[in-house]
Protein chains: 2
Amino acid sequence: MKKIICLVFFVFFVLNVFAENKIDPLPSWKAGTIKNDIIQFVAVVTDKNNPHYVPPEDRVATFDNDGTLWVEQPIYPQVVFMRERMHKLAANNPEWKRTEPYKSVLRGTKNLTSDDFDVLIAATSADISVEDYQSVVKAWFSEAVHPRYKKHYNQLIYQPMLEVMDYLRANQFKVYIVSGGGQDYIRAFAYDAYGISPEYVIGATGDTSYVYREEQPELIKQSKLLFNCNYKGKPAAIHLFIGKKPIITFGNSDGDKQMLEWTQSGKGKHLMLLVHHDDAEREYAYDYNSKVGTFSKALMREVKTNHWKVISMKNDWKILFPFEQKPSDIT
Amino acid sequence: MKKIICLVFFVFFVLNVFAENKIDPLPSWKAGTIKNDIIQFVAVVTDKNNPHYVPPEDRVATFDNDGTLWVEQPIYPQVVFMRERMHKLAANNPEWKRTEPYKSVLRGTKNLTSDDFDVLIAATSADISVEDYQSVVKAWFSEAVHPRYKKHYNQLIYQPMLEVMDYLRANQFKVYIVSGGGQDYIRAFAYDAYGISPEYVIGATGDTSYVYREEQPELIKQSKLLFNCNYKGKPAAIHLFIGKKPIITFGNSDGDKQMLEWTQSGKGKHLMLLVHHDDAEREYAYDYNSKVGTFSKALMREVKTNHWKVISMKNDWKILFPFEQKPSDIT
């Protein structure tokens, strides 16, 4: 009898381990309410027998980029890129030394507002073809190194979020980036880093002009900003590019508020989440008092009023980056 | 012996009919070079063993709308819509009676330039939420009737092009509309008419403002034009929305020239086609001397220089519209 009981327990244990390994789509997430919320949400909207079922064509997911998919501290990676590029371009733009926000950026002394950021995106991506710009950005990624982690910036992407994006795509979601960063800048690394193709990258965009070089057409980037993609610019860009409301959305800062509101205003089931950077040991701890990726007290009040979900980097994520050991090794 | 020969012939005949029915993806197209070109192109780029193979993520197809996917004569359907809407809105905009292009449009006397068209798109789609605008357009489609065919405008879509779009999607192409028409206007009917979801509709776009009505966020369309989507605006919009060059593209007029050039400038295999309206009996015959859907002599010279393909409506299409008898009935 004892043997049989032992055998039953053993089989149970093996099946359990097997089942857990097989079905856990988010291995880098610690067990808890947030992980459950995400898995439950996907289960419900993909279940044809559930009243909250959403057909595949309406499964739209949007992710902010800076601070949501990759590290944005001590300063947005694109600002580092822009600053370095501005130094290279400064010889041809002597007025920058006298004009804000260029002047302070060149000196490295300015806290950038969202408007400054848009001005700089335009300035540092003008008078270059869209193809050449991609090459410049790619070259920068292969060289520039983060001051703390000593890794390339496109390696500092969050493993738990990669898993969420894979999980959503496996469930026929269309996964978009909707970022205040430059669209062409993000496109230069998004496919390799996140598996996100250019047509799923929405970001701040400058105008282009169409010219011929050696009888071949080229699009040359212009300094005129076409639209920004922060705050209320996010719902506007979502309408422009997608024409549907997302049903699940991830952000981390004040600039994402309207995207979460827009998602929540949809008729069907929806889920809104914000990453909270509360992990000084493994990453950074910041919220209302940070100029980069501000998570204001007002936003925290919105979280409570609207029942948005807050992801604690410290408590919800087993590991942060793909280059760390696999979560199965650490449990 | 005779019996056996008869049987062999019979089997041959049955197999042949079966095979033809099974493999013809473009039944409304007459056998000929254009039909062959399309089928050959798709066969080549989807064949992994062919040196011109294109992976699914790069199979981008772009279609102009007016005159390429639906009837644009005697005047673009959206102009009919805008004129009717302008009459409704004129009471609130008394200055229209004194200002061009509004004045002449209200009188029905003006040949619209591309710039006029953009001004009118903006004027007739402002101060209304994106959702309400869709409802207005949908209501118009269910009422307005084409003067010649006595059908709703969204029924006057080309059956042969529907087949091409289905065929491309079945071969893992992403099928986009890239139109000088208004993006939200086209989105209101594109899914039902063409099976094209909002995120695959690229068109002229006005700005929006983000407001709250009864605590719910709304995007209100503004009269300021964000970008147009004709001539050189087409490659710019293709880069903005897709970030890749199309490999196959269909247009019908001068406004599509740059889209064809942009497609042709891609590195891999590509195919550029223009619909020529040469069928006065079943539709309209017009080209360089038409103000609507101008196919200029300069464009025809580009066709020859660049080896673009011209689709003859008269000679290449068995039927024009879905409501006609099935092509198998007419052969």
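Not measured: the values here are computed from a predicted model.

*Asks:* Please explain helix 11 (residues 297-306) of chain B as it appears in this structure.
*Replies:* Because an α-helix completes one turn every 3.6 residues, residues spaced three or four positions apart along the sequence face the same direction. All names here are of chain B. Regarding helix 11, the residues found buried are Leu299, Val303 and Asn306. Each buried residue of helix 11 lies within a common arc of 90° when the element is viewed along its axis, so the set occupies one face. Projecting away from the buried face of helix 11 at angles above 90 degrees are the exposed residues Arg301, Lys304 and Thr305. Contacts made by the buried residues of helix 11 are with helix 10 (257-264), strand 6 (271-276) and strand 7 (309-312). In the segment just after helix 11, histidine 307 is the residue with positive phi, at about 60°.

*Asks:* Looking at this structure, I do not really get the pattern of salt bridges. What am I missing?
*Replies:* Should the charged atoms of two oppositely charged side chains come close, the side chains can pair. Applying the stated criterion across every chain, the model contains 34 salt bridges over all chains. Of the charged contacts in the structure, one is a salt bridge between A:Asp58 and A:Lys244, with a shortest N-O distance of 3.5 Å. Of this pair, A:Asp58 sits in the loop between helix 2 (33-45) and strand 1 (60-63) while A:Lys244 is found in the loop between helix 9 (233-241) and strand 5 (248-251), placing the two residues 186 residues apart along the sequence. With relative accessibility at 30%, the residue A:Asp58 sits in the partly exposed group. Notably, a salt bridge pairs B:Lys174 with A:Glu199, separated by 2.9 Å at the nearest N-O pair. Here B:Lys174, found in strand 2 (residues 174-182), pairs with A:Glu199, found in the loop between helix 8 (183-194) and strand 3 (201-213), and the two come from separate chains. Here B:Lys174 and A:Glu199 have matching classes, each one buried. Among the ionic contacts, a cluster of salt bridges with common partners joins A:Asp58, A:Lys174, A:Lys244 and B:Glu199.

*Asks:* How should the environment of B:Val79 be read in this particular structure?
*Replies:* Residue and element names in this part refer to chain B. By secondary structure assignment, the location of valine 79 is in helix 3 (residues 77-89). When its relative accessible area of 1% is taken as the criterion, valine 79 is described as buried. Excluding anything up to four places from it in sequence, valine 79 contacts Leu112 and Phe117.

*Asks:* Looking at this structure, I do not really get the packing of helix 3 (residues 77-89) of chain A against helix 6 (residues 130-143) of chain A. What am I missing?
*Replies:* To characterise two packed helices, one gives the angle between the axes of the helices and the distance between these axes. Residues and elements named next belong to chain A. The geometry of helix 3 relative to helix 6 is characterised by a closest axis approach of 11 Å and an angle of 110° between their N-to-C directions. Here helix 6 runs roughly perpendicular to helix 3, going by the angle between their axes. Here helix 3 contributes Pro77, Gln78, Val80, Phe81, Glu84 and Arg85 to the contact with helix 6, which in turn contributes Tyr133, Val136, Val137 and Trp140. Within the contact of helix 3 with helix 6, the residues separate by chemical class into 7 nonpolar, 1 polar and 2 charged.

*Asks:* It is not clear to me how the relation of the copies chain B and chain A should be interpreted in this structure. Could you clarify?
*Replies:* One chain copy maps onto the other through a rotation about an axis and a shift parallel to that axis. Superposition of chain B onto chain A requires a rotation of 180° combined with a translation of 0.0 Å along the rotation axis, giving an RMSD of 0.0 Å. Look at the turn and shift together and you get a two-fold axis relating the two. When the interface residues of chain B are mapped onto chain A, 100% of them again lie at the interface, so the same face is used by both copies.

*Asks:* Explain unusual backbone geometry here, please?
*Replies:* Most of the time, phi is negative for any residue but glycine, and the peptide bond is trans. All names here are of chain A. In this structure, the amide linkage connecting glutamine 73 to the following residue, proline 74, adopts the cis form with an omega of 0°. Its location among the elements puts proline 74 in the loop between strand 1 and helix 3. Its identity as a non-glycine residue notwithstanding, glutamate 214 has a phi of 50°, on the positive side. Inspection of the secondary structure assignment puts glutamate 214 in the loop between strand 3 and strand 4 (216-227). The exposure class assigned to glutamate 214 is exposed, which follows from its relative accessible area of 76%.

*Asks:* What am I meant to see in the packing of aromatic side chains here?
*Replies:* Here the distance between the centres and the angle between the planes together describe a pair of aromatic rings. Residue and element names in this part refer to chain A. Summed over all chains, the structure comprises 47 aromatic pairs over all chains. When the centroid spacing of 4.9 Å and the interplanar angle of 70° are considered together, the rings of tyrosine 176 and tyrosine 200 count as edge-to-face. Residue tyrosine 176 is found in strand 2 (residues 174-182), and its partner tyrosine 200 is found in the loop between helix 8 and strand 3; the two are separated by 24 residues along the sequence. For tyrosine 176, a relative accessible area of 3% puts it in the buried group. The structure contains a cluster of three or more aromatic residues connected by ring pairs, namely Trp70, Phe81, Tyr133, Trp140, Phe141, Tyr153, Tyr185, Phe189 and Tyr194. We note arginine 148 situated over the ring of tyrosine 284; from NZ or CZ to the ring centre the distance is 4.9 Å. Here the basic side chain of lysine 297 rests over the ring of tyrosine 288, its NZ or CZ set 4.3 Å away from the ring centre.

*Asks:* Please explain the sheet that holds strand 5 (residues 248-251) of chain B as it appears in this structure.
*Replies:* The strands making up a sheet are joined through hydrogen bonds of the backbone, oriented either antiparallel or parallel. All names here are of chain B. With mixed pairing, 7 strands are arranged side by side in an open sheet as 4-3-2-1-5-6-7. Both outer strands of the open sheet, strand 4 (216-227) and strand 7, are each paired with one neighbouring strand and no more. Going across the sheet, the axis of each strand differs from the next one's by a mean of 35°, ignoring polarity.

*Asks:* Where do I start with the side chain of A:Arg59 in this structure?
*Replies:* Residue and element names in this part refer to chain A. Counting through the fold element by element, arginine 59 comes out in the loop between helix 2 and strand 1. With no salt bridge to any partner, buried arginine 59 finds its closest opposite charge in glutamate 57, at an N-O distance of 7.5 Å. A distance of 2.9 Å separates a polar side-chain atom of arginine 59 from the backbone oxygen of asparagine 171. When sequence neighbours within four positions are dropped, the list of residues in contact with arginine 59 reads Val45, Thr46, Tyr53, Val54, Asn171, Gln172, Phe173, Lys174 and Ile247.

*Asks:* Explain the sheet that holds strand 5 of chain A to me, please; I cannot follow it from the model alone.
*Replies:* Residues and elements named next belong to chain A. One open sheet holds the 7 strands; their spatial order is 4-3-2-1-5-6-7, and the pairing between them is mixed. Bordering the open sheet on either side are strand 4 and strand 7 (309-312), each of which pairs with just one other strand. This sheet shows a mean twist of 35° between the axes of neighbouring strands, independent of strand direction. Looking at chain direction, strand 3 and strand 4 are connected through 8 bridges and run antiparallel. Residue tyrosine 210 lies in a different strand from strand 4, and its bridge partner there is leucine 219. Each of strand 1, strand 2, strand 5 and strand 6 (271-276) touches helix 10 (residues 257-264); the most contacted strand, strand 6, lies at about 160° to it.

*Asks:* What am I meant to see in the side chain of B:Ser179 here?
*Replies:* All names here are of chain B. Relative to the assigned elements, serine 179 resides in strand 2. Among the polar contacts made by the side chain of serine 179, one reaches the main-chain amide nitrogen of glycine 181 at a distance of 2.8 Å. Serine 179 has contacts with Asp64, Asn65, Asp66, Ile186, Ile202, Gly203, Ala204, Cys229 and Lys234, leaving out every residue within four places of it along the chain.

*Asks:* How do you make sense of the environment of B:Val292 when you look at a structure like this?
*Replies:* All names here are of chain B. Tracing the backbone through its elements, the reader meets valine 292 in the loop between strand 6 and helix 11. Between the alpha carbons of valine 292 and serine 253 there is a distance of 8.9 Å; along the sequence they are 39 residues apart. When neighbours within four sequence positions are excluded, valine 292 is seen to be in contact with Glu72, Gln73, Pro74, Ile75, Tyr76 and Tyr286.

*Asks:* Looking at this structure, I do not really get the packing of helix 3 of chain A against helix 5 (residues 114-124) of chain A. What am I missing?
*Replies:* All names here are of chain A. Interaxial distance between helix 3 and helix 5 falls to 10 Å at its minimum, and their mutual angle equals 50°. Here helix 3 is positioned oblique relative to helix 5, judged by the angle of their axes. For the element pair helix 3 and helix 5, the recorded crossing hand is left-handed. Between helix 3 and helix 5, the residues in contact are Gln78, Val79, Met82, Arg85, Met86 and Leu89 and Phe117, Leu120, Ile121, Ala123 and Thr124, respectively. By residue class, the composition of the contact of helix 3 with helix 5 is 8 nonpolar, 2 polar and 1 charged.

*Asks:* Please explain the confidence of the model for chain A as it appears in this structure.
*Replies:* Confidence in the prediction of chain A, expressed as mean pLDDT, is 92, and 91% of residues score 70 or more. Reported confidence for the predicted complex is 0.90 by ipTM and 0.91 by pTM.

Reading guide: rules and limits
Each chain carries its own residue numbering, running from 1 in the written order of its sequence. To label them, take the chains in the order written and letter them from A, then take the ligands in the order written and number them from 1. Local features in a predicted model are, by the rule used here, given only for residues with pLDDT of at least 70; side-chain atom pairs are given and counted only at 80 or more, and totals for whole chains, interfaces and linings are based on all residues. Hydrogens and water molecules were not included; the side-chain quantities draw on all heavy atoms of the structure. Burial classification: accessible surface area is computed with a 1.4 Å probe over protein chains only, and a residue below 20% of its type maximum counts as buried, one above 50% as exposed, and the rest as partly exposed. Runs of H or I in DSSP of at least four residues are treated as helices and runs of E of at least two as strands, each being numbered from the N terminus. In this description, the arc belongs to the directions extending from the helix axis to the C-beta atoms. In this description, contact between two residues means that some pair of their heavy atoms is separated by no more than 4.5 Å. Salt bridges, as used here, are contacts in which a Lys or Arg side-chain nitrogen is within 4 Å of a carboxyl oxygen on Asp or Glu. Between the N-to-C directions of two axes lies an angle of 0 to 180 degrees, each axis being a line fitted to C-alpha atoms and, for a helix, fitted only over the stretch in contact. Put simply, angles under 35 degrees are roughly parallel, angles over 145 are roughly antiparallel, angles from 65 to 115 are roughly perpendicular, and the rest are oblique. Side-chain classes follow a simple rule in which Ala, Val, Leu, Ile, Met, Phe, Trp, Tyr, Cys and Pro form the nonpolar group, Asp, Glu, Lys and Arg form the charged group, and the remainder, Gly included, forms the polar group. Superposition of the copies was done by least squares, using only C-alpha atoms of residues whose pLDDT is at least 70 in both. Classification of ring pairs uses Phe, Tyr and Trp, with its six-membered ring standing for Trp, and accepts pairs whose centres are within 6.5 Å; under 30 degrees between planes counts as stacked, over 60 as edge-to-face, and the remaining range as tilted. We call a charge positioned above a ring when the Lys NZ or Arg CZ atom is no farther than 6 Å from the ring centre and deviates by at most 35 degrees from the ring normal. Pairing between strands is defined by DSSP: at least two bridges between them are needed. The positive count covers Lys and Arg only, the negative count covers Asp and Glu only, and His and the chain ends enter neither. Two N or O atoms form a polar contact when they lie within 3.5 Å of each other; inside protein one atom must be a possible hydrogen donor and the other a possible acceptor, and for residues adjacent in sequence the pair counts only when both atoms belong to side chains. Here is the rule for handedness: rotate from the far helix to the near one, and if that takes an anticlockwise turn smaller than a right angle the crossing is left-handed, while a clockwise turn gives right-handed. Residue-level confidence of the predictor, termed pLDDT, takes values from 0 up to 100.

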